[in-house]
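A closer look at the structure
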Amino acid sequence: MNLLKNIEFLNPIILTMWIGSLCFDKFYKVTTVCIILLCLYNLFIKIFKGQSNFITYNKMLIISYFLFLFTNTISSILFYNEVNSTKFLFDFIKYSFFIIIPMLLINSRQILKQVCIGMATILVFLSLNAIYEYCVLNYDRVGMPFPNLFGWILLILAPFGIIGLECCNIKNRKIKFLALIILIVLFSTALILTKSRGNWLAFIIAIVIILFHGRKYFNKILLKYLFFVFLIASIIFFPIISKRVSDTIDYKNNYSVERLYIWQAALNMGKDYFWTGIGYDKDKFMELYDSKYHLEESKERHIVHPHNLFLYFFVRGGILGISGFILFIIAQYKYFFNKRIDGIEKNPFRLMGIWFICVTVISQLVDVNFHFIAMQKIYWALLGIIISSFELVRR
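Residues numbered from 1 in each chain as written. Predicted model: local features only at pLDDT ≥ 70, side-chain atom pairs only at ≥ 80, totals over all residues. Heavy atoms only, no water.

**Observations regarding the nonpolar core**
In summary, soluble globular proteins display a tendency toward joint burial of nonpolar side chains. Core analysis: the largest hydrophobic core is formed by 98 residues, its most contacted members being W18, I19, L157, F370, Y379, W380 and L382. No other element matches helix α19 (residues 373–394), which puts 14 residues into this core. With residues near it in sequence (within four places) discarded, Y379 still touches W152, F328, I329, Q332, F356, T360 and F370. Counting twelve residues, the second-largest nonpolar core is a separate cluster that includes A266, Y289, L311 and V315. (Core = buried A, V, L, I, M, F, W, Y, C linked by side-chain atoms within 4.5 Å. Buried < 20%, exposed > 50% of the residue type's maximum accessible area, 1.4 Å probe, protein only. Helix = DSSP H or I, 4+ residues; strand = E, 2+ residues; numbered from the N terminus. Contact = heavy atoms within 4.5 Å.)

**Comments concerning helix α17 (residues 309–336)**
Look at α17: only 22 Å from first C-alpha to last across 28 residues, short of the 40 Å you get at 1.5 Å a residue. G317 marks the point of greatest bend in α17, at about 140°. Its side-chain oxygen at 3.0 Å from the backbone nitrogen of F310, N308 defines the N-terminal cap of α17. (Expected span 1.5 Å × (residues − 1). Bend = angle between axes of the 7 residues up to and from the residue. Polar contact = N/O pair within 3.5 Å; in protein donor to acceptor, adjacent residues only side chain to side chain.)

**Some details on the state of the cysteines**
Chemically, a disulfide is nothing more than a covalent bond linking the sulfur atoms of two cysteines. What the rule picks out here adds up to zero disulfides. C167 provides the cysteine sulfur closest to C168, a residue in no disulfide bond, and the two sulfurs are 7.2 Å apart. When its relative accessible area of 40% is taken as the criterion, C168 is described as partly exposed. (Disulfide = S-S within 2.5 Å.)

**Focus on the packing of helix α9 (residues 109–135) against helix α10 (residues 147–167)**
A pair of packed helices can be characterised by two numbers: the angle between their axes and the separation between those axes. Two elements in contact, α9 and α10, have axes separated by 7 Å at closest approach and are oriented at 130°. When the interaxial angle is binned, α9 and α10 end up oblique. Relative to α10, the crossing made by α9 is left-handed. On α10, the residues touching K113, C116, I117, M119, A120, I122, L123, L126, S127 and A130 of α9 are F150, I153, L154, L157, A158, F160, G161, I163, G164 and C167. Of the residues that constitute the contact of α9 with α10, the class distribution is 16 nonpolar, three polar and one charged. (Axes fitted to C-alpha atoms, helices over the stretch in contact; angles between N-to-C directions. Parallel < 35°, antiparallel > 145°, perpendicular 65-115°, else oblique. Left-handed = near helix turned anticlockwise from the far one by under 90°. Nonpolar A, V, L, I, M, F, W, Y, C, P; charged D, E, K, R; others polar.)

**With respect to the environment of I100**
Note that I100 resides in the loop between α7 (83–96) and α8 (101–105). Look at I100 and you get partly exposed, because its relative accessible area is 37%. Separated by 288 residues in the primary sequence, I100 and S388 have C-alpha atoms spaced 8.8 Å apart.

**Quick notes on the packing of aromatic side chains**
Under the definition given, this model contains 34 aromatic pairs. Arranged with centres 6.3 Å apart and planes meeting at 50°, the rings of Y65 and F328 form a pair that is tilted. Of this pair, Y65 sits in helix α5 (residues 59–71) while F328 sits in helix α17; the two residues are 263 residues apart in sequence, bridging distant segments of the chain. Of the two residues examined, Y65 and F328, each falls in the buried class. For the ring pair F274 and W275, a centre distance of 5.0 Å and an interplane angle of 85° mean the geometry is edge-to-face. (Phe/Tyr/Trp six-rings, centres within 6.5 Å; stacked < 30°, edge-to-face > 60°.)

This is how it looks when you write it as structure tokens:
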């Protein structure tokens, strides 16, 4: 047990470095090897208390997790043997186990605090890098080549920024408030510069949902200041925001209308492959779209995915695939609304879990970052951090 204590200080450091490597897409393989070795060490040294309770009281979440994996792999295994499909499914299953890694490493409040500070640091560096790309490198949209994915990463890290700042134990209230304002300015600026309408919409709706569920526990004066900061940021970047909004409204003269055609084509494809889906060969959707399902009104070709998360799993996995995905989302929602826990203020990770679900589902109504392996890695890793943190505070 002393051996575990001697090396336990590495848990938050390696975990933060691992998440950072996933977000920046740098040195990922090195940090993954390190964190797997650390997990194996923890498993070998320590028998985790409370693990059986988690399994006993959260059977629906665990069952839905495995059903989600099963329903989105079974048809491809039985009916499709393409090399690309097999490789994607192997990665899909492999990276889904990233959800377990944080559960093996976050085993004390001290480690949890350090992890939250680490996530907040990653958010700051991502935001600063985005501003650098826009101001110095003159990028039209930050986070290239996948600005929508980058915007989603900013969104899911945002609550960690607030909690991480709280964990810093800054005694001076003015300095603490100033640090919070700076953090929000950096985050909101980076999010606006992604020019991702889906993420903007997800941010607005998720904020409303979170304020509704946590209305009893938020400081109203602080909320007024935060609203003022977002308003100032919106005014400063009004040309960018207004251009994207006007493009959305005047959809017939820009790419927005193409999404409607893509959705219709994807729906037609899903109906034809209702039971089995088309499999997870990355090129299969594009081939079928170009050869058979492309609508005459549409100008766009070579579309690689349906630009809608629900249509994505429907087309790829058939009725079983979309059913497994919806069940998994419902199970997450019910899990974070577990009535055995008293008070949101006692467990802020309840709201973080709700935020995670909202920004993921809403932003992906007009895109499918899940199509990219990079998103899957981050999705499972951060979901694991939120669940393990939620359980730790609950216990």
